[in-house]
Amino acid sequence: MEHSASCRDLSTMRERFDCLTEAYACFLMGTCPSQCVACVIFSGLVPGEVRECAPSENRRVNSAELSYISVTLVEKITSNLTSRSLSPAVTLYCVEMLTVLFQDMDLMSLLMQQFQAEDQIISHLAAKTVSTWVLYQLHKSGTVSPVWQKKCVQAFYISLPGPELDTCLWSLNEVLKQLLKGAHREILGKLLAAFDSSLSTLCSKFLPKERDKTTQCLVDLPSSSSGRWGTTFCLLLDLLELLTACSVICGAGICLESPRMTYVHSSALLMTISCSSEYFVKKRALLLLKRAVLQKAGEDWSLGEVLLTGLKHKHFDADMSVLSQSVLTAMATDWLHSVQVESSSFFGGTRCIRGKEGQKPDCVMLRAVSLLLLKSMELHIQTAGGTGVDSATEVSGYLQSLWGFLRRCSVQLTENTHRCCWVSLLFGEQDDDMMETAKALFSIFLHHRMCSGLDDFAVLEAACASGCNPHCHFLLLLQSISFDHSILLDFLISIETCFLEYFVRYLKFLRADWQGFTAACGRISSPHFHLSLQQSVTALCAADTLKVTCKGEPDRVKFSSCAQSTGVTSQVGRVSLAAGFHLVEYDSSDESDPENMEVSQDEPAASVCDKSTFSALDVKQEISGPPVPIRQKQYEASDSTGLLSRPNSTLERRAEGPSLLVLQSEQTSGPNMAPQPGQEAWETLARAVICMSELREVVTRLQTNKLFPYNPSSLLKLLAQVENCSKLSHLLHFNK
């Protein structure tokens, strides 16, 4: 009776709008409104319940605005109850009002009717409010709203693109996102069980498993609903990604079909990428498959840390195998030729490329295609266990197809003759994807080496021809970060990349193939990567001997180096962290050594030249001429090869105290002479070893001070073994 009296007292739209506005303000301040507004809210959603006023009395209020604020107020109250952010008195008031609305007045049915509204604003607000109420009920009683479930299941079974299906998809997606963020495994299991059958039907209609060449794509639906296909399909792709993330959260306890839909329908998704007329649909489907193969579904919704805690379900290996086989089967049927890559895009869409600007392809698409193929190859190698020359030839064929696709789409990649540089060129701005790519290529390389039956140098030459030489990838990574060990430390500490796994595997390989590493240094250091690995080794052997001078500390050599600019790094640019900004400031600790840990943020990215320490060389002190100091601040742009590319230059660091540390090469010619063959290779090798040596020292110090997030003992052992390889290599070289 009290509610009815309130409604009768507020008979005009203006009065009810002002009442709801006042109530909303009260909830924002954490207080109760002066009167119950349940009846006012309900009347705002029922047409014909409110008397129209004169224009002067009801100047800016209409029925749509009254509906908007009514639905928004319900959503605000429900979300506050779910988050438990209200005081006890306000909580009791809200619970009583929602009980009246949803039980006595059946507000849920009224809101569900708005799912089909032509007004997209009220349709969206209704879906948002319904989703919030469903979440509140799930948290409170663990039950799924029967009205909401019935409406969504019916729409999924019909599977007709339109406002109703779109709203139901959006509502279910919103509920799943919120449950995933809280990692509510039991509630997720109940929700998925309620929709499992209908979702399977929905996916089967939009993504049929079998589709021959005569079957039309869903893009070309003849009905009037075809115009909404893109929106509906993207909502379905969001749902598939959420379901894939659910399979990780629920882990071994899941035995439903819907969380596996992305893998089961992977072939249809690949077909959609080929035949869809909507570019954003192609891109969205490709990114879904990329995240599925990387096991990163849901990362765009801040679910990364939650997903790390998940366990693999019992069908995980089989599902990943199905996905990889679908990709490789599509590759065998020239799927790459049908993949469309437009020009570079931005938040406003895509733009036409003018002639002077040059071709700038959509690198998001190129990276997604590359990672999808490489990870599929890696999974195929791990699961199939193929051996022999045929297996190596098959893998090489896939790589050649990928390389042809990338060259066809990117002028920048076409201009480089050394194929190993494509990883840095394409993934230079995406650290996580670059590490995943390097790790996959490393697995592919090891498989090729095992199956090909070639000798070591022939294997490395073939790897360079296919763009998968792990030594080249690691050296190009170091060049892209200016051989800055602190950036490697950032990678080791960060959970956003797989660098630790990749780095440990590579170091194990490096200690067993030092000669291949030195040969790669020669090839990377050559101006246009024109030398073969065998020629690089010959040039290294013919190079002048580097003379190392150390005053004050005979067993240590310190020098200050500037970024070496090469043919590839000039195109790649620098990784954002190379500008001196790191995830952690390691010199902020009182226990840190400021001299060894100092990283200046004032220096430009091209001269991130930290104070490097090289303990691996144990050679006699030889000075053939007076040192010529070269300071970092005097580094000129005309020296395009960097200070270390000069064979007759002297790098000097003057530190406070009696120690004067000098690295000097033999003075045999004028300072402007061209570098001797192999000289740059030795300098690149030295900088790489110094970078790893410094990394070992700083990790050791952090471990000693108990500041490192995990036990790095195995990593430190590998780094020490690499230093020993370098030391032995130099001793053998100088003893010749």
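Source: prediction; values computed, not measured. (Residues numbered from 1 in each chain as written. Predicted model: local features only at pLDDT ≥ 70, side-chain atom pairs only at ≥ 80, totals over all residues. Heavy atoms only, no water.)

(A) Seen up close, the overall build of the protein. If you tally the helices and strands in the protein, you get 31 helices and seven strands. Counting all 736 residues of the protein, 54% fall into the buried class. Pairs at least 24 residues apart make up 75% of the contacts formed inside the protein by residues separated by at least 6 positions. Entry remark: accessible area of the protein is about 32100 Å², with carbon and sulfur atoms responsible for 52%. (Helix = DSSP H or I, 4+ residues; strand = E, 2+ residues; numbered from the N terminus. Buried < 20%, exposed > 50% of the residue type's maximum accessible area, 1.4 Å probe, protein only. Contact = heavy atoms within 4.5 Å. Areas by Shrake-Rupley, 256 points an atom, 1.4 Å probe, with all protein chains shown as cover.)

(B) Quick peek at the confidence of the model for the protein. Across the protein, the average pLDDT comes to 75, with 68% of residues at or above 70. Here residues 50-58 is a poorly scored stretch, pLDDT under 50, and it has 19 contacts once near neighbours within four places are set aside; other chains count. Across residues 542-675 the pLDDT falls below 50, and counting only partners more than four positions away or on other chains, this stretch makes 282 contacts in the model. (pLDDT = per-residue confidence, 0-100.)

(C) Layout of the packing of aromatic side chains. By the definition in use, this model includes 19 aromatic pairs. With centroids separated by 5.2 Å and ring planes inclined at 45 degrees, the aromatic side chains of tryptophan 514 and phenylalanine 517 adopt a geometry described as tilted. Placement of the pair is tryptophan 514 and phenylalanine 517 together in helix α26 (residues 514-525), with a separation of three residues, close to one helical turn. Each residue in the set Phe442, Phe445, Phe474, Phe491, Phe499, Tyr502, Phe503, Tyr506 and Phe509 is aromatic and connected to the rest through ring pairs, giving one cluster. (Phe/Tyr/Trp six-rings, centres within 6.5 Å; stacked < 30°, edge-to-face > 60°.)

(D) Broad picture of the state of the cysteines. Following the criterion strictly, the structure yields zero disulfides and no others. Left unpaired, cysteine 168 is separated from the closest cysteine sulfur, that of cysteine 152, by 3.9 Å. Take cysteine 168: its relative accessible area is 0%, and that puts it in the buried class. (Disulfide = S-S within 2.5 Å.)

(E) How the structure looks around helix α4 (residues 63-83). Its 21 residues place the ends of α4 31 Å apart at the C-alpha level, agreeing with the 30 Å of an ideal helix rising 1.5 Å per residue. Among all positions in α4, only Leu66, Ser67, Ile69, Ser70, Val71, Leu73, Val74, Glu75, Ile77, Thr78, Asn80 and Leu81 are buried. In the core, the buried residues of α4 are packed alongside α2 (13-29), α3 (38-45), α5 (88-104), α6 (107-113) and α7 (120-141). Sitting at the amino-terminal end of α4 is asparagine 62, which places a side-chain oxygen 3.1 Å from the backbone nitrogen of alanine 64. The positive-phi residue at the C-terminal boundary of α4 is arginine 84, with phi of around 55 degrees. (Expected span 1.5 Å × (residues − 1). Polar contact = N/O pair within 3.5 Å; in protein donor to acceptor, adjacent residues only side chain to side chain.)

(F) Just the packing of helix α11 (residues 229-250) against helix α14 (residues 279-294), in detail. Axis separation between α11 and α14 bottoms out at 10 Å; the angle between their running directions is 5 degrees. Considering the angle they form, α11 stands roughly parallel to α14. For the pair α11 and α14, the contacting residues are Trp229, Gly230, Phe233, Cys234, Leu237, Asp238, Leu240 and Glu241 in the first and Phe280, Val281, Arg284, Ala285, Leu288 and Arg291 in the second. (Axes fitted to C-alpha atoms, helices over the stretch in contact; angles between N-to-C directions. Parallel < 35°, antiparallel > 145°, perpendicular 65-115°, else oblique.)

(G) Just the pattern of salt bridges, in detail. A complete count under the given rule lists 16 salt bridges for this structure. Residue glutamate 461 is joined to arginine 523 by a salt bridge in which the shortest nitrogen-to-oxygen separation is 3.6 Å. On the criterion of sequence distance, the pair formed by glutamate 461 in helix α22 (residues 456-466) and arginine 523 in helix α26 is long-range, its members being 62 residues apart. Judged by relative accessible area, arginine 523 falls into the buried class, the value being 11%. Among the charged side chains, a salt-bridge network with shared partners connects Lys296, Lys375, Glu378, Glu436, Lys439 and Glu501. (Salt bridge = Lys/Arg side-chain N within 4 Å of Asp/Glu carboxyl O.)

(H) Expanded view of unusual backbone geometry. Even without glycine at this site, arginine 84 takes up a positive phi of about 55 degrees. Inspection of the secondary structure assignment puts arginine 84 in the loop between α4 and α5. Classification of arginine 84 by relative accessible area gives exposed; the value is 76%. A positive phi is found at lysine 706, a non-glycine position, where the angle reads about 60 degrees. Along the chain, the position of lysine 706 falls in the loop between α30 (679-704) and α31 (713-734).

(I) Broad picture of the environment of aspartate 432. Inspection of the secondary structure assignment puts aspartate 432 in helix α21 (residues 431-452). Separated by 64 residues in sequence, aspartate 432 and glutamate 496 place their C-alpha atoms 6.3 Å apart. The residues touching aspartate 432, leaving out its near neighbours within four places in the chain, are Lys296, Glu496 and Thr497.

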